[in-house]
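Coordinate inspection notes
Chain by chain, the residues run as shown.
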Amino acid sequence: METEKTVREIRINPIVPSESVLVATARNMRPKKAEAPAPRDTRRHVDTCPFCVGNESMTPPAIATYPAQGLWEIRIVENLYPVLGDDRENPNLNLGLQQTIDGYGRHEVVIDHNAHGAAVHEMTESHLALLFGAYRARMEQLYRSNRRLRYVLVFKNFGPAAGASIAHTHSQIIGMPVVPDNVQMEVVNSRAYFVKNHRCIFCSLIDEALTFEATLYDRESGQIRRKIDVGQFVIERGKKFIAIKPFASRYEWEVHILPLGHQADFLDSSAEDHADFAQVLRRTMARLDAVLGGAQYNYFLHSVPHGEDAAGNAASFHWHLEICPRTTIPSGFELGSGLFINTISPEIAAQTLRAVALD
Ligand SMILES: [Zn+2]
Ligand SMILES: [Zn+2]
Ligand SMILES: [Zn+2]
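This section reports on the structure supplied with the text.

The rules behind each value
Residues numbered from 1 in each chain as written. Chains lettered and ligands numbered in written order. Predicted model: local features only at pLDDT ≥ 70, side-chain atom pairs only at ≥ 80, totals over all residues. Heavy atoms only, no water. Phe/Tyr/Trp six-rings, centres within 6.5 Å; stacked < 30°, edge-to-face > 60°. Helix = DSSP H or I, 4+ residues; strand = E, 2+ residues; numbered from the N terminus. Buried < 20%, exposed > 50% of the residue type's maximum accessible area, 1.4 Å probe, protein only. Pairing = 2+ DSSP bridges. Axes fitted to C-alpha atoms, helices over the stretch in contact; angles between N-to-C directions.

1. Here we look at the packing of aromatic side chains
Evaluation of the coordinates by the stated rule reveals 13 aromatic pairs. Ring centres of F132 and Y135 lie 4.8 Å apart, and the angle between their planes is 75 degrees; this geometry places the pair in the edge-to-face category. Taken together, the positions of F132 and Y135, both in helix α1 (residues 125–145) and 3 residues apart, correspond to about one turn of that helix. Both residues of the pair, F132 and Y135, count as buried. A centroid spacing of 5.5 Å and a plane angle of 70 degrees characterise the contact between F202 and F317, whose relative ring orientation is edge-to-face. With F202 in helix α3 (residues 201–210) and F317 in the loop between β16 (297–302) and β17 (320–325), this pair connects stretches of sequence that are 115 residues apart. Among the residues examined, F202 registers a relative accessible area of 3% and is labelled buried. Taking the relative accessible area as the measure of exposure, F317 reaches 0% and is therefore buried. A connected cluster of aromatic rings, assembled from ring pairs, spans F132, Y135, F158, F241, F266, F277, Y297, Y299 and W319.

Quick look at the structure:
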């Protein structure tokens, strides 16, 4: 392994150029405090846990279970404390510049597995394929049930540092009347790129990641200025999906999974897609777990928003899963400036993840 050079540079997110990250790897800088790893709750069953088998009466009734009969493996219920709900039908209030949109929406919990402490990398690939199939089916039903929903966000918090309030493995689905700003920025910028270059920027980034090496020459002297091993950002590759370490990663161990072929809407993914996706996800999570020793993380599914203008983004947007392990506590500098600091160079992080020997 080549010795680690100290890096201090601002990297521009190629998809959303207004989002940049400061990659600062000098050990003596310590710009951020490390998040203490939380001991993982590996129990199979906890008598007092509302998400455990046998305690179904402690949650609202199931919206869906997989399988539909017998012992459930995945169970979807309404959130007891929804951040958005359908109980209010107030007209939108306008107070001068301070406008509100009715907090209409749906908030549901997906109990990912019937085993209390199961981690994603310990689940079988067929189970993970079933889970992502369940997300897809629920997203479709929500979009169909209400035309006012512009976005259905699927996300998972795992570990207290990632905001999980219940230890039992679960994820959440929130249907919203607005498109979240970070998704909207990806939509707007990828569309602008498409208008200019007639290509999906996500597809272009995948092509670039699959290019083994790029050499940058100085325009005047013809000398080699910098050689970049572009393939170094690939973490996992399946038949239909790829896991990539983003060049401008906000989080030290952030990894994104994307379909290799262009697909804007997660709703267009098939059971066959989910089977391949599940393999790439499980292997990626196993690498993260091996390196981080019990990763606390969030993952978010970014798919093309629905509503008016959705068709206009079909060629330029490309759905993906963002996996963001929480290993450091955001500093005041980051919160105040919006400039994230990454203390591990993405190239070294990718190399470390790839070096993990999997079965
Ligand atoms: Zn439980
Ligand atoms: Zn694409
Ligand atoms: Zn995204």
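2. Focus: the sheet that holds strand β19 (residues 340–342)
Overall, mixed pairing links the 3 strands, which are arranged β1-β2-β19 in an open sheet. A single partner strand is all that each edge strand has here, and the edge strands are β1 (8–12) and β19. Mean inter-strand twist for the sheet, computed between neighbouring axes without regard to direction, equals 30 degrees. The pairing of strand β2 (residues 20–24) with β19 spans 3 bridges and is classified as parallel. Each residue of the ladder has a partner; that of V21, found in β19, is F340.

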